[in-house]
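Structural features, examined
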Amino acid sequence: MARRNESESATGSGTQALQVPGQQTAESKKRVAYFYDQNIGNYHYGPGHPMKPHRIRMCHSLVMNYGLYNKMEIYRARPGSKKEMTAFHTDEYIDFLSRVSPDNMEAYAKEQIKFNVGDDCPIFEGLFEYCQLSAGGSMEGAARLNNGSCDIAVNWAGGLHHAKKTEASGFCYVNDIVLSILELLRYHPRVLYIDIDIHHGDGVEEAFYTTDRVMTVSFHKHGEYFPGTGEVRDVGAGPGKYYAVNFPLRDGIDDTTYKSIFEPVIQHVVDWYKPGAIVLQCGADSLSGDKLGCFNLSMKGHANCVAFVKKLNLPLLILGGGGYTMRNVARAWCYETGVAVGQEVGPDMPFNDYYEYFGPDYKLDVKPSNMDNANTVEYLEKIKQQVFENLARSKGAPSVQMQPVPRDLDLSDDEDLDDPEKRIPQRLWDKRVVPENEFEESEDEETNALHGVRYAKSLRHGRASKANNQEQPPRIRGTVDSLPAAATKLSHPSTAAASGTSSNGQYLQNGTAANGTTKAAEEVETDGDVVMDSGSASSAAAAAVPPTEATSAKDAEMAEAP
């Protein structure tokens, strides 16, 4: 694949380039594509359910108000179609998801049992549209990596790693990770999948359990913990034997011990397997203080994994995943977006639509607790050596027969949706990355406020916001039926980067369905209790601003009003 080599361009002449203060290093200058759909936060699993898509909207608000949108291209991906989803899932299962709703669920009682839809994976309003948005962002991110239009693609709405071929599992319905890997395999002979969620990435491992074209590496809590799989001796089967790597961990692992196993294992895997692209699932339930987790990672310890994988200089798809303390999930994923674009953010929290969520300290940080670390040095070394021994039994980087590339995935580029009344359409603003030497920023507060960029005192956060928003062994159940043939050429002409303007047309921008019903999450999380609905988040955020800042912001708005 044709990609820029920043390191060579900076050092190839044999002279050391001058470093301007505040300028990104050559290594960190990656072309980043960020996928977000403003409707993703409208969906709600139900009262009391720990999975809250609203956390993605909170993360996006931080990304906008820290100004990270200036450093990357932002897209609103085309929702995944039923045909694209059936590249992995069965037709019957996808058809069920597209038909079932809270209104008719009683007529699908047998199917709910068959497809494991119920308590953990409830039926809620807009279920299939939610799956489409999650899968669409991941698949388009993979497609843009394939055609060379970006070096890193980020989709925090993805990473739903528990979904199986014919059933839902662990809050996951459609496995966007498997779909994105299948897309990457069209151009790359081998793909590496890394999972740092506290739960084992069983759905992805099962899908590629019998192939050597995908190596799965999962670091997770094991032992009487969902989903109960992922022992170190689970190494794959048939042609895929020794291409599944599992590193089971115990309670309380901290930053130092996690780094001591993650970096050497991943470096060894990359050197041995030589992948063409990497998919990194960044489940935030491995952070300290997560409602369903039992690890003790800080925000920066978690982000260190992203920074390390980024340094490998391979096409990288970064996805979300678990994470059930919403304020910490938003903090971590915003910080890791900064890592992806090469910009340090925090620790002070900018004023934003969800400012009250981040009290009482209002800092961009997740600190570890004083819980005991049950992972001894001896235990970790024993598991690490066993992982290395299993890798040595594999064939390393397997060869792949190359074939012509099939038709590319349709991207969200549609000039027909541009507003003819605007000289520069939103699609082109979304594509623009602000250069380092540009100092003047626009004062278009009306547009910025529309897209969630807030102000305190006289602070300005930049120009108009970008987008809203041999004999074959029997196949093991749940594995992919067939893998795409790798490309004859690992390069492809870049396509025009894109729109971020398409819409499924069903939901209004305020999160209200066309029939007038609201589907936004109705719960707001503080230090443990639900205290207000999402409609009052903005008013609560304003109340949380120190009096002097709130007064200054209000005066500024009145002074600038016509």
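Before reading on, note that the structure itself is shown above.
These lines cover the structure that appears in this document, whether it is placed above or below.

Cut-offs applied
- Residues numbered from 1 in each chain as written.
- Predicted model: local features only at pLDDT ≥ 70, side-chain atom pairs only at ≥ 80, totals over all residues.
- Heavy atoms only, no water.
- Buried < 20%, exposed > 50% of the residue type's maximum accessible area, 1.4 Å probe, protein only.
- Helix = DSSP H or I, 4+ residues; strand = E, 2+ residues; numbered from the N terminus.
- Pairing = 2+ DSSP bridges.
- Right-handed = clockwise from strand over helix to strand, strands pointing away.
- Axes fitted to C-alpha atoms, helices over the stretch in contact; angles between N-to-C directions.
- Parallel < 35°, antiparallel > 145°, perpendicular 65-115°, else oblique.
- Contact = heavy atoms within 4.5 Å.
- Nonpolar A, V, L, I, M, F, W, Y, C, P; charged D, E, K, R; others polar.
- Expected span 1.5 Å × (residues − 1).
- Phe/Tyr/Trp six-rings, centres within 6.5 Å; stacked < 30°, edge-to-face > 60°.
- Polar contact = N/O pair within 3.5 Å; in protein donor to acceptor, adjacent residues only side chain to side chain.
- Left-handed = near helix turned anticlockwise from the far one by under 90°.
- Core = buried A, V, L, I, M, F, W, Y, C linked by side-chain atoms within 4.5 Å.

With that settled, consider the pairing of strand 5 (residues 214–221). Of all 8 residues making up strand 5, 8 are buried, and the element is well covered by its neighbours. Every second residue of strand 5 is oriented toward a common face, with Val214, Thr216, Ser218 and His220 on one face and Met215, Val217, Phe219 and Lys221 on the other, all of them buried. Relative to strand 5, strand 4 (residues 191–195) is paired through 5 bridges, and the arrangement is parallel. When the bridges of strand 5 are listed, aspartate 195 appears paired with serine 218. The β-α-β motif built from strand 4, the intervening helix 8 (residues 202–207) and the parallel element strand 5 has right-handed crossover chirality. The pairing of strand 5 with strand 6 (residues 244–249) spans 6 bridges and is parallel. Counterpart to phenylalanine 219 in the pairing with strand 6 is phenylalanine 247.

Here the focus is the packing of helix 9 (residues 255–273) against helix 12 (residues 377–393). As a packed pair, helix 9 and helix 12 sit with axes 11 Å apart at the nearest point and diverge in direction by 5 degrees. The angle between the axes of helix 9 and helix 12 places the two elements in the roughly parallel class. Contact residues: Thr257, Ser260, Ile261, Pro264, Val265, His268, Val269 and Trp272 in helix 9; Leu380, Lys384, Val387, Phe388, Leu391 and Ala392 in helix 12. Tallied by class, the residues present in the contact of helix 9 with helix 12 amount to 10 nonpolar, 3 polar and 1 charged.

Turning our eyes to something else, we now look at helix 9. Its 19 residues place the ends of helix 9 26 Å apart at the C-alpha level, agreeing with the 27 Å of an ideal helix rising 1.5 Å per residue. For helix 9, every residue scored as buried is listed here: Thr257, Tyr258, Ile261, Phe262, Glu263, Val265, Ile266, Val269, Val270 and Tyr273. Buried residues belonging to helix 9 abut strand 4, strand 5, strand 6, helix 10 (299–310) and helix 12. Trailing helix 9 by a residue or two, lysine 274 shows a phi angle of about 55 degrees, which is positive.

The omega torsion of the bond from glycine 346 to proline 347 falls at 5 degrees, within 30 degrees of zero and hence cis. Inspection of the secondary structure assignment puts proline 347 in the loop between helix 11 (326–341) and helix 12. In this structure, proline 360 follows glycine 359 across a cis peptide bond, with omega equal to 5 degrees. Among the structural elements, proline 360 can be located in the loop between helix 11 and helix 12. The backbone phi angle of asparagine 313 is positive, close to 60 degrees, even though this residue is not glycine. If you trace the backbone, asparagine 313 turns up in the loop between helix 10 and strand 8 (316–319). Classification of asparagine 313 as partly exposed rests on a relative accessible area of 29%. You will see that tyrosine 362, though not glycine, has its phi angle at about 55 degrees, which is positive.

A word on the packing of aromatic side chains. Inspection of the entire model under this criterion finds 21 aromatic pairs. For the pair phenylalanine 219 and phenylalanine 262, a centre-to-centre distance of 5.3 Å together with 50 degrees between the ring planes defines the contact as tilted. Of this pair, phenylalanine 219 sits in strand 5 while phenylalanine 262 sits in helix 9; the two residues are 43 residues apart in sequence, bridging distant segments of the chain. Like phenylalanine 219, the residue phenylalanine 262 is buried in the burial classification. Seen from their ring centres, tyrosine 355 and tyrosine 362 are 4.6 Å apart, and the 5 degrees between their planes marks the pair as stacked.

The subject of this paragraph is the environment of serine 399. Checked against the element boundaries, serine 399 lands in the loop between helix 12 and strand 9 (402–403). Accessibility expressed as a relative area gives 73% for serine 399, which makes it exposed. Separated by 186 residues in sequence, serine 399 and arginine 213 have C-alpha atoms that sit 8.9 Å apart.

The residue arginine 190 is located in the loop between helix 7 (176–184) and strand 4 in this model. At 3.1 Å, the side chain of arginine 190 forms a polar contact with the backbone oxygen of tyrosine 273. Contact partners of arginine 190, with chain neighbours within four places excluded, come to Arg213, Tyr273, Lys274, Pro275, Gly276, Ala277, Ala397 and Pro398.

Turning our eyes to something else, we now look at the packing of helix 10 against helix 11. Interhelical geometry of helix 10 versus helix 11 gives an angle of 30 degrees and a closest axis separation of 9 Å. One way to sum up the angle between helix 10 and helix 11 is to call them roughly parallel. As for how helix 10 packs across helix 11, the hand of that crossing is right-handed. Listed contacts from helix 11 to Met299, Lys300, His302, Ala303, Val306, Ala307 and Lys310 of helix 10 are Arg331, Ala332, Tyr335, Glu336, Val339, Ala340 and Val341. When grouped by side-chain class, the residues that make up the contact of helix 10 with helix 11 number 9 nonpolar, 1 polar and 4 charged.

Counting residues in hydrophobic clusters, the biggest one holds 141 residues, and the most contacted among them are Tyr173, Ile181, Ile194, Phe208, Phe219 and Phe262. Per element, the largest residue contribution to this core is 10 residues, and it comes from helix 11. If we skip the residues at most four places from it in the chain, tyrosine 173 touches Tyr45, His89, Tyr93, Leu97, Cys121, Pro122, Phe124, Leu127, Cys131, Ala163 and Ala168.

This paragraph deals with helix 10. Here helix 10 is 12 residues long and its end C-alpha atoms lie 17 Å apart, about the 16 Å a rise of 1.5 Å per residue gives. Counting buried residues along helix 10, 9 of its 12 residues qualify, which places the element largely inside the surrounding structure. Burial in helix 10 covers these residues: Met299, Gly301, His302, Ala303, Cys305, Val306, Phe308, Val309 and Lys310. Looking at the packing, one finds that the buried side of helix 10 touches strand 3 (152–155), strand 4, helix 9, strand 7 (277–281), strand 8 and helix 11.

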